[in-house]
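Tertiary structure, described
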Amino acid sequence: MTTSPESGPRPRTSTPLAQHRTRFFDHRIPSLHAGRYRIDNRQVLKDVDGADRVIDATPQPFDVVQPRFGIDPIGINARFPVPDAVGTYSRTLPHINLDAPALPWSRPLGSGHGAAVPWMALLLFREDELPEDPDAVGTVTAGTVRELLAGGLGPGKAPVLPQDSLRPEEYDEVCATVLVPAALFDAVKPLPGEMGYLAHVREGGRPDATRAGDDPEPDEKELNGVVVANRFPAASGGRHVVHLVSLEGFDRYLTASAPAEGVRLVSLSCWAFTSEPDSGIGFGDVCQNLATVDGTTPRPEEELRLRLPVSAPARPTAPQREALDRMAGGAVALPQRLETGERTVAFHRGPLTARPAQELPDPAATRLDSPGEALVYLETYGVFDTSYAAAFTAGRTLALADAAFRTALMEFRASARGAVRRLASHPQLVGRAVSARQLTAPLAFESFDRMLTDEGGTRFTRAVGRAGAQLRTGRRRDAATGVRRTPADPRALLSRPGVADVLTQAAADEYRTVTGWLDGLRRLEMLGLEHLVPDSRMLPPETIRFAYIDQEWVRAAVDGALSIGVGHALDADLNNLATRGGPVPACAVLLHSALVTDWPNTVITGYAGGTPVEPLRSALYGTALQLLLYPRVIDRFELAEPPRGICFGIGDLGTIELREISGDHIGHPKDEEFPQPAGFGRFLRPGGRDVLNVHGSGDALVPALAAAHGVERISSAQFALQMINAPQVKTFSRP
C-alpha cells in the first residue's frame, strides 16, 4: 500500500448515496428595511373650469417590524460550537444560523454604509475579558430598552438611536446587554468593509434536490441567514462566550476609537462553550504523519506493510536471502522448543502476512491432526518454520480453555456419531427425507411411531388385535422375516448427498455453538495481539500497517480447536461438518495511533474497485490500537475526520484547500493548499487576540484569496464557500 500523492489531508470527495444541495448567496436585502413609515396620498382633480383641485388623504403610518433588541430562541436554527460543547475549537470560527434569511440586513447599520453591510455581528470573548462576565459563562445585564437608552444599565456608552425610529411599545421591551471595554472592542470589532464577508445566506435542500448548475430559484423554506465570528478561540483552551450583538448606533465607532468608558452592546443571543487546549497536533497532522515521511513525501510501500524493518547486506548470501525473504513476508526469527525437546531458532509469524502466503504443498493441505504435521522444515538450511504448528497449538489451547465450546463439541460429536451409526444400520433411510428425531430417538420409540402412521393406522389396529392371541400361546412376536440387513460403512456415508445436513440437525443447538465459536476464531477474535504481531517493532506507535490474511494459518488454528477429544477416525471425519462456517478475512489494517484514542468516531472506509467494503470485524487492543478485517483485499483505505456539520475555519496544517468558486464545478477542490507556505498567522490582526484580518489594512485574507483564484475580488458567498472547514480525509491506495 502507498499513500496517494496529495500533500495533505483532503476533504472527502467520494459521492454519497443521497446528495444534498448547499448554495451560498451574498445577502438578502429587503425591499423595505425595518422601521417606521408613512404613506401620504394626494389626488389632483380637474374642476369644470379646468383648474386643479388638490385632495390630501389622511396619512397612513405603518411599521415594518423585525427583531431589534432580542431574538426568540425559536428563530435560531443552529449554533457552532453548540452551547456548552467541549472540544478543540482553536481553528474554528463560531457561527450562528438564523431561520430568517434577511434578518442580518433587515435594518441599515447607519448613514454612509451600503445596504449589504449587516447591522449585527458575532463577537467572541474569552475568560477575564468581559468585566461583567469574567468566567465567560454568558452572564448579561438585563433591563428595559428605556433604561438602556437612558444609561441606567451600568457603565458603558449606550447606543444612540433616533427617537422617531422606536415604536412606543419598544421602550418597555426587556433586552440583554454586555459591557465591552474600549480596548477590547477596538481589538475585536469587525470593520464595515469586513462585515459583509462575515454574513451570508445559505440554502440547504432535501436529499437529491436539484443541485447548483441548473441554477434553480432558491427554496424559501431552506434559506437561512448565517453570521460568522472573526475571531478564533484560544489555543490554550478555556471557556468562551459568543454574543450576537447589535451595532446599530455604534457604527461611527467601527472606524474610530471606542469611547473611554467602553460600549454597552445589546446582546441579541449568546451562548458559551469550552475549548480544550490545542496541542498543535490535529487530525490532519496525525494522518499526515501516518502517511508521509516528512510531512510531504509519501511513505514507501514497504514501510506500510506489517513486517520487521531490517537492513539487508549489500551482497547477501543464499541463507541470508532466504532469511530476508521470509522476514519480508512478515516472519520473525524466534527461539523455539520442538515437541522432541530440542531447542533451535525457527521462523515464525501469525495469520497476518506482508504479502500473499505461498500455497502449501499437498501433504500439508489435508486435515491436520497434530502440531508436528504442521511443521515446515527447510531442509537446505536445516531450519524450521513453526507458523502453522503454532496456529494449530493456539487453536487447540483456546478450545481447551473454553468449557462451553468443549462441551458443545463433545455433545455434537456424540449425537452425530449415533445418527451416522443409525444410518449405517438402516441403509433404507439413506436418500430418504428423514428427521433428526428418526436418527436420535430410541429404536422402539421410532418403530411405534411408524406403526401409528403406516397404512393409515390399520397396521396398529392389526397389531393390537393379534396381541392377545400371541400372548396366550406364549409367543411375544411373529418370527422375523425378510433379509438380514448389512450395516454400511459409517465413514463412507458422510460423503452421501444430504447426509451431512441431517447429521448437523441431530444436535442443532450444539452445532450452532461450535460453528459460531469457530467463526469467531476465523475472525481472529480469541487471539491476542502477540499472535497477530509477534514483534512490537513491526507496529510501533503512530503507524498504520496493511496485511494479508493467511487462509492456511486460520485453517490450521481451526484444525487445532477441533482436535480435542478425537477418539477415532469417525470423530475426525465429523469435524469436517463443523468447518462449514463463515468467511475467512482476506486482509487486515492495523492502526496504532492517537487517532484511535483522540478521534474515536473517525470514519474508516475500505474500498475494492471503487466499491465500499464493510469490515468483517473491527476491534480495539488497549486504547490506541485498532484492527480491521475485510472479506476482500481492498485497494483503497480512507481515514476521515468525524463529521461536524458545516463550520468555518482552517485545517490542522494551518491551511485551507482552495475550491472552485465559479464555473460548472463550484465547491469542488482545486487540489491547491492556501496559503503557501502554510500558516494563517499572517492573516491575524496584531495584538495577539487571534482576530482574523478579513479585509483590513496590511496582509488581509480576502484580497489574498482573490489573488489565489486569479480574480479581482470575491463575494461574501464565495468567501463563505472557501472558508468551510470540511472534515479532512487521508487516502491510502495500492499502486
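Note: the structure precedes this text.
In this report, the structure presented in the accompanying data block is examined. This one's a predicted model, so the numbers in the text were calculated from it and none came from an experiment.

1. Remarks on the pattern of salt bridges
Counted according to the given criterion, the structure contains 35 salt bridges. Of the charged contacts, one joins Arg-689 and Glu-129 as a salt bridge, the two residues approaching to 3.4 Å between their closest N and O atoms. Remark: Glu-129 occurs in the loop between β12 (120-126) and β13 (141-144) and Arg-689 occurs in the loop between β33 (669-674) and α19 (701-709); sequence separation between them is 560 residues. Take Arg-689: its relative accessible area is 30%, and that puts it in the partly exposed class.

2. A closer look at empty space enclosed by the protein
If you walk through the whole model with that rule in mind, you get 5 cavities of 30 Å³ or more. Estimated volume of the second largest cavity: approximately 60 Å³. In terms of lining, the second largest cavity is formed by Ala-34, Gly-35, Arg-36, Val-64, Val-65, Gln-66, Arg-68, Arg-107, Ser-165, Arg-167 and Glu-170. Here the residues of the lining of the second largest cavity sort into 3 nonpolar, 3 polar and 5 charged.

3. A closer look at the sheet that holds strand β16 (residues 223-228)
Through backbone hydrogen bonds, the strands of a sheet pair up, either in parallel or in antiparallel fashion. Judged by pairing direction, the sheet is antiparallel, and its 5 strands sit side by side in the order β3-β15-β16-β11-β8 without closing on themselves. The sheet is open, and its two borders are formed by β3 (23-25) and β8 (76-80), each paired with just one other strand. Ignoring strand direction, the axes of neighbouring strands in this sheet form an average angle of 25°. Sheet analysis places strand β11 (residues 95-98) next to β16, joined by 4 bridges and oriented antiparallel. Bridged to Asn-97 within β16 is Val-226. In the packing of helix α20 (residues 716-723) onto the sheet, the strands contacted are β3 and β15 (199-203), and the crossing angle to β3 comes to about 140°.

4. Here we look at unusual backbone geometry
The omega torsion across Phe-80 and Pro-81 is -10°, close enough to zero to call that bond cis. Residue Pro-675 is reached from Phe-674 by a cis peptide bond, and omega for that bond is -5°. Relative to the helices and strands, Pro-675 resides in the loop between β33 and α19. A positive phi angle is found at Asp-671, which is not glycine, with a value near 60°. Along the polypeptide, Asp-671 turns up in strand β33. Here Asp-671 falls in the exposed class, since its relative accessible area comes to 55%.

5. A short note on the sheet that holds strand β24 (residues 543-549)
Taken in spatial order, the 5 strands line up as β21-β24-β25-β29-β28 in an open sheet, and their pairing is antiparallel. Across the chains shown, the open sheet's two edge strands, defined by having one partner strand only, are β21 (352-353) and β28 (617-621). Sheet topology note: the β28/strand β29 (residues 625-630) ladder contains 5 bridges and is antiparallel. Its bridge partner being in β29, Ala-619 is matched across the sheet by Leu-627.

6. What to know about the environment of Gly-581
Tracing the sequence through the fold places Gly-581 in the loop between α17 (569-578) and β25 (587-592). The spacing of Gly-581 and Leu-518 is 63 residues in sequence and 7.3 Å in space, taken between C-alpha atoms. The contact partners of Gly-581, leaving out residues within four places of it in the chain, are Asp-519 and Arg-522.

7. Some points on the packing of aromatic side chains
If you walk through the whole model with that rule in mind, you get 13 aromatic pairs. Each ring, one from Phe-546 and one from Phe-637, has its centre 5.7 Å from the other, and the planes form 80°; the classification is edge-to-face. With Phe-546 in strand β24 and Phe-637 in strand β30 (residues 636-640), the pair connects residues that are 91 residues apart, well separated along the chain. Each ring, one from Phe-674 and one from Phe-683, has its centre 5.7 Å from the other, and the planes form 15°; the classification is stacked.

8. Some points on the nonpolar core
One finds Val-180, Phe-185, Leu-244, Leu-247 and Leu-265 to be the most contacted residues of the largest nonpolar core, which totals 53 residues. Beyond its immediate sequence surroundings of up to four residues, Val-180 is in contact with Phe-125, Leu-130, Phe-185, Gly-262, Val-263 and Leu-265. Counting residues in hydrophobic clusters, the runner-up holds 44 residues, among them Ala-391, Leu-521, Ala-557 and Leu-629.

Thresholds, definitions, all that
- Residues numbered from 1 in each chain as written.
- Predicted model: local features only at pLDDT ≥ 70, side-chain atom pairs only at ≥ 80, totals over all residues.
- Heavy atoms only, no water.
- Salt bridge = Lys/Arg side-chain N within 4 Å of Asp/Glu carboxyl O.
- Helix = DSSP H or I, 4+ residues; strand = E, 2+ residues; numbered from the N terminus.
- Buried < 20%, exposed > 50% of the residue type's maximum accessible area, 1.4 Å probe, protein only.
- 1 Å grid on protein atoms, 1.4 Å probe; cavity = no way out; pocket = protein on both sides within 12 Å on 5 of 7 lines; lining within 4 Å.
- Points joined across faces, edges and corners; volume = space filled by probe spheres on them.
- Nonpolar A, V, L, I, M, F, W, Y, C, P; charged D, E, K, R; others polar.
- Pairing = 2+ DSSP bridges.
- Axes fitted to C-alpha atoms, helices over the stretch in contact; angles between N-to-C directions.
- Contact = heavy atoms within 4.5 Å.
- Phe/Tyr/Trp six-rings, centres within 6.5 Å; stacked < 30°, edge-to-face > 60°.
- Core = buried A, V, L, I, M, F, W, Y, C linked by side-chain atoms within 4.5 Å.

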